[in-house]
Structure formats: structure tokens, C-alpha cells
Amino acid sequence: MSTEFISPSGLRLDGRRPHEIRHIHFQQNLFPKASGSCYFEQGNTKVIVTVYGPREVTRGISLMGRAVINCEYSMATFATGERRPRGKGDRRSMEISQLLQKTLESVVLVEKFPRTQIDVFAHVIQADGGTRCACLNAATLALMDAGIPLKDFVVSCAAGYLDNTPLCDLNFVEDSAGGPDLPIAYLPTSGNVAMIQMDSKVSLDHFENILETAIQGAKQIYSILQRGVEERVKELAKSKGLS
Amino acid sequence: MQQTTTEQLVIVTPGETIMEDNEGYLLGHGTYLDDDNRVVASKCGIVERISQYISVKPLQSRYMPRDGDVIVGRISKLTHSSWVVDINGYQDAILRLSSVNIATTQRRKTYEDSLNMRALFVEDDVIVAEIMDSKKFVSLQTRSARYGKLSKGIFIKVKPMLIKPSHNRFHTFSFGTEIIIGANGYIFIRQFDPQRERVAKQTNPFSLGHTVKQEEEEKKVNQQPVVNSQEHMINMIRVRNAVAALDKLLLPIHPDTILKVVEASRTLEPKYMIEHEHMLTMTASIRS
């Protein structure tokens with residue numbers, strides 16, 4: 001007997017509609033020592049991203065004319081259902097670290113900081129599907145908190161296809177159901193997709209639908225993040241007594 | 001693109017268009033020009049427009065060096081002909097051997113001088129210097145007798161945006177405490193020393209030679225053990241805690257505001273100044 005991912009009344013396992021994203025909550029500037037930081041919740045997935053820099057290059061080579069972006073993704077041992085000691089060097093972590101780096105390179109204005117490095121550390125403290133998406137969203141907010149200039153927001157959302165319906169923002173159960181998983185990174189102002197990945201196979205007729213679902217989800221996330229960031233600027237301006 | 005306003009403030013987030021066309025406008029920090037010649041924000045903050053110059057002022061950023069700024073820095077390492085100084089910016093600054101005065105003179109530095117760099121400044125020393133050039137590398141100079149190594153005082157770091165532009169970064173309070181408010185957010189508090197001031201005033205940084213008398217005076221000043229009496233130390237601590245309170249509450253850091261907070265704190269013991277409720281009461285007159 002196969003599990004039903006969408007009830008007859010059209011509700012998913014956690015009560016959402018197919019095009020609904022999970023509840024988002026975030027808070028910036030948690031760590032005074034870091035240049036920027038962000039705690040980000042997307043449903044039950046919780047991540048913390050800290051950004052250091054731009055600062056003098058401490059490891060690797062410095063590039064003339066631009067900053068180097070180093071990313072590190074890691075999962076806490078208590079992040080998943082089973083406690084599992086993980087090193088930072090396992091293949092999945094390295095893949096996602098590279099993914100973060102390549103995606104952020106498309107928005108950070110690196111030419112403004114020659115011969116420096118920007119370090120982005122992403123820690124997943126609770127994983128319930130869509131950790132790389134949550135990390136990208138949190139990284140955008142952390143970079144903004146650090147005052148690093150960006151061309152645009154990077155918003156990330158994943159979409160899938162189960163029970164003949166495109167689903168937006170998969171949680172862990174839906175993700176492990178064996179259907180396709182399509183995380184994307186979207187640049188809202190230009191409307192460009194900066195990153196796209198896919199697990200499993202999907203037929204060409206469904207692909208466009210799923211991609212569109214992911215983009216719509218990303219747009220929803222963008223409006224939430226943008227509103228939140230604006231609110232923060234307003235509050236800071238008020239406390240600074242600006243008129 | 002939406003732009004929200006709060007009492008004439010235009011708040012933007014990265015990606016938002018500030019202007020449709022960059023016709024004749026100079027673009028400052030926090031903005032960039034996209035492929036369609038639109039002026040787009042690259043930081044979250046408030047749009048600042050001063051005649052033809054547009055920039056986005058973020059509410060939290062590192063220090064951006066400018067020529068002529070007087071700053072406080074910390075030596076981070078030595079190279080064969082210069083010191084690398086941490087100035088709270090995106091990059092460390094360089095203080096070249098040719099930009100310092102040895103024994104109040106300005107002369108060509110010899111090979112022996114470069115071997116003796118450690119006699120002047122070593123790692124972790126705090127110095128006050130002026131920014132000479134901030135185009136490619138930020139370089140500093142300490143050619144005035146007022147600049148140089150700082151010691152026997154308290155160092156504190158605050159947010160650079162709270163420091164207003166000012167001509168005089170050295171300020172002495174009536175109770176004898178001297179404060180050096182670096183434009184970069186690094187601040188040094190020490191006891192005012194009239195002897196040192198006299199030597200600084202006497203020595204002319206542009207003199208080509210030096211007299212034996214001046215060198216002797218300089219040696220005397222440096223060798224005298226600076227005795228900070230308890231009263232002086234308590235005053236220095238009050239000033240330091242006042243600065244910390246202003247920094248925490250995002251208030252401008254300026255000798256006037258610091259003095260107000262110190263005066264308001266006279267009834268408290270210095271160690272209670274850093275508690276949140278006391279911070280609020282002390283700064284009440286400034287926040288209103």
C-alpha cells in the first residue's frame with residue numbers, strides 16, 4: 001500500500017496545499033564577532049549561516065581584482081532523526097559547499113574587494129528537507145547583514161512531483177518518497193535562475209510545470225525576506241534617530 | 001520596484017532600482033549600474049542623495065578609509081620595510097618605514113633603521129596615525145609628533161558609523177582624561193600628560209634636522225613612568241563605559257555625548273555603568 005502524499009481534499013501530509021511554502025522565520029545579526037549572520041527557519045528545517053569578511057586572505061591564494069568566496073556547509077550530529085557523527089569532508093557536504101559558492105558568486109559584487117576573502121559558514125541544526133535551499137536563503141540574509149554588496153537577493157526553493165501534482169517546498173518525507181526533487185536558486189529582480197539541480201527523473205512534459213512551481217515558491221519567499229529586511233532597516237533607522 | 005518611505009527616508013534592498021537612468025549621476029557605495037543603465041541598490045539601507053551623488057547608506061558596515069582621516073590602529077605584522085596595521089577595514093593598512101619620524105626627525109631611512117624597526121613598533125602595539133593614501137593600498141603616516149604609539153590606556157572598539165567627521169580627534173576632558181576617537185571606530189583612552197603635549201607642540205614635524213635638546217626631551221618623556229593614580233584610572237574607566245553604552249545603544253560618539261553620559265554616571269560606581277537599565281538612564285538626555 002503506497003503512502004498518500006495528497007489527501008482527497010488536496011492537503012499534503014503537513015496540511016499545506018501543493019503550492020504553499022512552509023512557514024519562514026529569520027533573525028539577522030546574532031553573533032557580534034561575525035561580520036554578518038542569520039538564523040533561518042523554513043518549516044522544521046533550521047539553519048544558521050555566518051559570514052566573515054571581506055578580510056585579508058588567510059588560506060589559499062588571493063586574487064588580484066576580486067574577492068574569493070569560501071563556503072562551508074555542515075550538518076550538526078543531532079540534525080536528523082538519527083544522531084550521526086559527520087565530518088565536514090563527506091561528499092554531500094562538499095557538494096553543497098561548492099553549490100553555495102558557485103551560486104553566491106553570481107550575486108556578490110566581488111570586484112569591489114580585491115585581494116580579500118569572504119567566508120560563508122552554513123550549519124544545519126535541524127534538517128527536514130530543503131537544507132540547501134534554506135542555507136542559500138540564510139546566506140543571502142547573512143551577506144546583507146555583513147553589508148556586502150549584492151546584485152540581487154538569492155532566493156531558493158525546491159519543488160517535486162508526487163501523486164500527479166507538482167509540490168512546492170518539499171519536506172523530508174516528501175523528499176524521500178522517490179519522486180523528483182528540483183531545488184533552484186532564483187534572482188527575483190532579473191527573473192533569472194542562478195542554480196538548478198534535479199534528483200531522480202522527470203518527463204519533459206512535467207518539467208516546465210515543476211520548474212514554474214519552484215519559481216513561484218521562490219517568489220513567495222522573496223516577498224517575505226524583502227519585507228523582513230526592510231522592517232529591520234526601518235527599526236535601525238528609528239533607533240539611530242534619523243529623520 | 002517598490003520603495004518604502006519612512007518620513008522622507010527611502011529604504012532599499014539589493015536588486016531594487018533607485019533610478020531608471022543614471023544620466024549625470026555619480027554612483028557611490030551601495031549602488032551599481034546594471035546592463036540597462038539603471039541605478040540599482042546593492043546594499044540594504046537608506047538612499048542618500050547629495051546633489052548629483054547617490055549612495056546607499058547601510059546601517060552597519062566596516063570602516064571605509066578616506067585620505068586625511070586620523071585613525072587608531074593595531075600593528076598586525078612586520079615586513080622588511082613596513083608595518084601592517086589593522087584598522088577595522090576590509091583590508092589591513094600599511095605603515096611604511098619612510099612614513100614615520102624617528103626621534104622626531106624626518107630623514108632618509110638607512111639600512112640600520114630597517115633592521116631596527118622593532119625598536120619603534122612591534123606586533124599588537126596600538127598606534128594613532130593619519131591615512132595618507134587610500135587608492136589601491138591604504139597607507140598611513142605618523143609624521144606629526146602627535147601620532148605614534150599609544151600606551152598606558154584603554155582601547156575600545158565601536159561601530160564606525162557612530163563616529164561623526166571631525167577635525168580634531170584628540171580631546172581632553174576637564175577631569176584629565178584624554179580620548180582619541182579614531183575615524184575607524186577604534187578608540188584609545190588615556191591620562192592626559194601635559195609634558196607630552198608640550199613636547200608635541202615644540203617639535204616641528206617639518207624640521208629637517210634635530211637639536212640635541214629636543215631628542216633629550218623626547219627621551220625624558222618616554223622614560224618617565226606614567227603613574228596613573230586611582231582617581232585617574234576610575235575616570236578613564238568611566239569614559240570607557242560611557243563609550244560602550246553609546247555604542248550599544250547606537251548613539252553618536254562624540255566628546256559632547258560622552259561627557260553627558262559621564263556626568264550622568266557620577267552617582268554610580270563605574271562597574272554598574274554597563275548594566276542595561278543604567279545605560280538607558282544615563283543616555284536618556286541624548287536619546288530624547
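Residues numbered from 1 in each chain as written. Chains lettered and ligands numbered in written order. Predicted model: local features only at pLDDT ≥ 70, side-chain atom pairs only at ≥ 80, totals over all residues. Heavy atoms only, no water.

In this section: the overall build of chain B. Summing up its helical and strand segments, chain B has eight helices and 18 strands in all. Here chain B, with 288 residues, has 48% of them falling under the buried criterion. Summing over all exposed atoms, chain B offers an accessible surface of approximately 15100 Å²; the carbon and sulfur share of this is 52%. (Helix = DSSP H or I, 4+ residues; strand = E, 2+ residues; numbered from the N terminus. Buried < 20%, exposed > 50% of the residue type's maximum accessible area, 1.4 Å probe, protein only. Areas by Shrake-Rupley, 256 points an atom, 1.4 Å probe, with all protein chains shown as cover.)

All names here are of chain B. Along helix H6 (residues 255-264), the residues that are buried comprise Pro 255, Thr 257, Ile 258, Val 261 and Val 262. Down the axis, H6 shows its buried residues gathered within 165 degrees of arc, on one side only. Contacts from the buried residues of H6 go to strand S16 (170-172), strand S17 (177-181), helix H5 (230-248), helix H7 (276-282) and helix H8 (284-287). (Arc of directions from axis to C-beta. Contact = heavy atoms within 4.5 Å.)

So, about the environment of Met 117 of chain B. Residues and elements named next belong to chain B. One can find Met 117 in helix H2 (residues 117-120). By relative accessible area, which is 3% here, Met 117 ends up buried. Residues Met 117 and Gln 91, spaced 26 residues apart in sequence, show a C-alpha to C-alpha distance of 22 Å. Dropping the residues within four chain positions of it, Met 117 is found in contact with Leu 78, Thr 79, His 80, Ser 81, Ser 82, Trp 83 and Leu 97.

With that settled, consider the nonpolar core. Core analysis: the biggest nonpolar cluster contains 69 residues, and Phe 40, Val 108, Val 120, Leu 143 and Leu 225 of chain A have the highest contact counts within it. Broken down by element, the residue count for this core peaks at 10 residues, all from helix H4 (residues 204-240) of chain A. (Core = buried A, V, L, I, M, F, W, Y, C linked by side-chain atoms within 4.5 Å.)

Turning to the sheet that holds strand S7 (residues 165-168) of chain A, a few remarks are in order. Residue and element names in this part refer to chain A. Taken together, the four strands give an open sheet; going across it, the order is S7-S6-S8-S9, and neighbouring strands pair in antiparallel fashion. Pairing within the sheet leaves two strands with one partner each, and these edge strands are S7 and strand S9 (192-196). The average undirected angle you get between the axes of adjacent strands in this sheet is 30 degrees. Running over the sheet, helix H2 (residues 131-145) touches strand S6 (155-162), strand S8 (181-187) and S9 and is turned about 160 degrees from S6. (Pairing = 2+ DSSP bridges. Axes fitted to C-alpha atoms, helices over the stretch in contact; angles between N-to-C directions.)

The partner chain A presents 34 residues to the 30 residues of chain B that form the contact. For the pair chain B and chain A, the summed buried area comes to about 2800 Å², and 57% of that belongs to carbon and sulfur atoms. Of all residues in chain B, Leu 59, Gln 60 and Tyr 90 of chain B give up the largest surface area on contact with chain A, accounting jointly for 22% of the area buried on that side. Between the two partners, chain B and chain A, sit zero salt bridges. The tally of links between chain B and chain A comes to nine residue pairs in polar contact (both at pLDDT 80 or more). At the level of secondary structure, the elements contributing two or more residues to the side of chain B that touches chain A comprise strand S1 (4-6), strand S2 (9-12), strand S5 (31-33) and strand S7 (45-50) of chain B. (Buried area = accessible area lost by both parts, 1.4 Å probe. Salt bridge = Lys/Arg side-chain N within 4 Å of Asp/Glu carboxyl O. Polar contact = N/O pair within 3.5 Å; in protein donor to acceptor, adjacent residues only side chain to side chain.)

Residue and element names in this part refer to chain B. Read from one edge to the other, the open sheet built from three strands follows the order S3-S6-S5, with strand pairing classed as antiparallel. Of all the strands in the sheet, the pair left with one neighbour each is strand S3 (17-19) and S5. Between one strand and the next, the sheet's axes are offset by a mean angle of 40 degrees, whatever the strand orientation. Here S3 runs beside strand S6 (residues 39-41); their pairing, made up of two bridges, is antiparallel. Of the residues in S6, the one forming a bridge with Thr 17 is Val 40.

Turning our attention to helix H1 (residues 91-105) of chain A. All names here are of chain A. Between its first and last C-alpha atoms H1 spans 21 Å; for 15 residues at 1.5 Å apiece the expected length is 21 Å, and the two agree. Residues Ser 93, Ile 96, Ser 97, Leu 99, Leu 100, Thr 103 and Leu 104 constitute the buried set of H1. With its buried residues spanning 160 degrees around the axis, H1 presents them on a single face. In H1, the exposed positions angled more than 90 degrees off the buried face are occupied by Arg 91 and Lys 102. Buried residues belonging to H1 abut strand S4 (68-75), strand S5 (116-126), H2, S8 and S9. (Expected span 1.5 Å × (residues − 1).)

All names here are of chain A. With nine bridges connecting them, strand S3 (residues 45-56) and S5 associate as antiparallel partners. From the neighbouring strand, Val 49 faces S5, where its bridge partner is Ala 122. In terms of handedness, the path from S4 via H1 over to S5 forms a crossover that is left-handed. (Right-handed = clockwise from strand over helix to strand, strands pointing away.)

In this section: the packing of H1 of chain A against H2 of chain A. Helix packing for two helices is described by the angle between their axes and how far apart those axes are. Residues and elements named next belong to chain A. Look at H1 against H2: their axes get within 11 Å of each other, and the N-to-C directions meet at 40 degrees. As judged from the angle between their axes, H1 and H2 are oblique. The two elements H1 and H2 meet at a crossing, and its hand is right-handed. For the pair H1 and H2, contact is made by Arg 92, Glu 95, Ile 96, Leu 99, Leu 100, Thr 103 and Leu 104 and by Thr 131, Arg 132, Cys 135, Leu 136, Ala 139 and Leu 143, respectively. (Parallel < 35°, antiparallel > 145°, perpendicular 65-115°, else oblique. Left-handed = near helix turned anticlockwise from the far one by under 90°.)

Side chains that carry opposite charge are capable of pairing whenever their charged atoms lie near each other. All names here are of chain B. If you walk through the whole model with that rule in mind, you get 17 salt bridges over all chains. Here Asp 34 and Arg 38 are joined by a salt bridge, their closest N and O atoms 3.5 Å apart. Since its relative accessible area comes to 19%, Asp 34 is described here as buried. Across the salt bridge formed by Lys 57 and Glu 48, the nearest N and O atoms sit 3.5 Å from each other. In this structure Lys 57 comes out as partly exposed when scored by relative accessible area, which is 28%.

In short, shape yes, function no, at least from these values alone.
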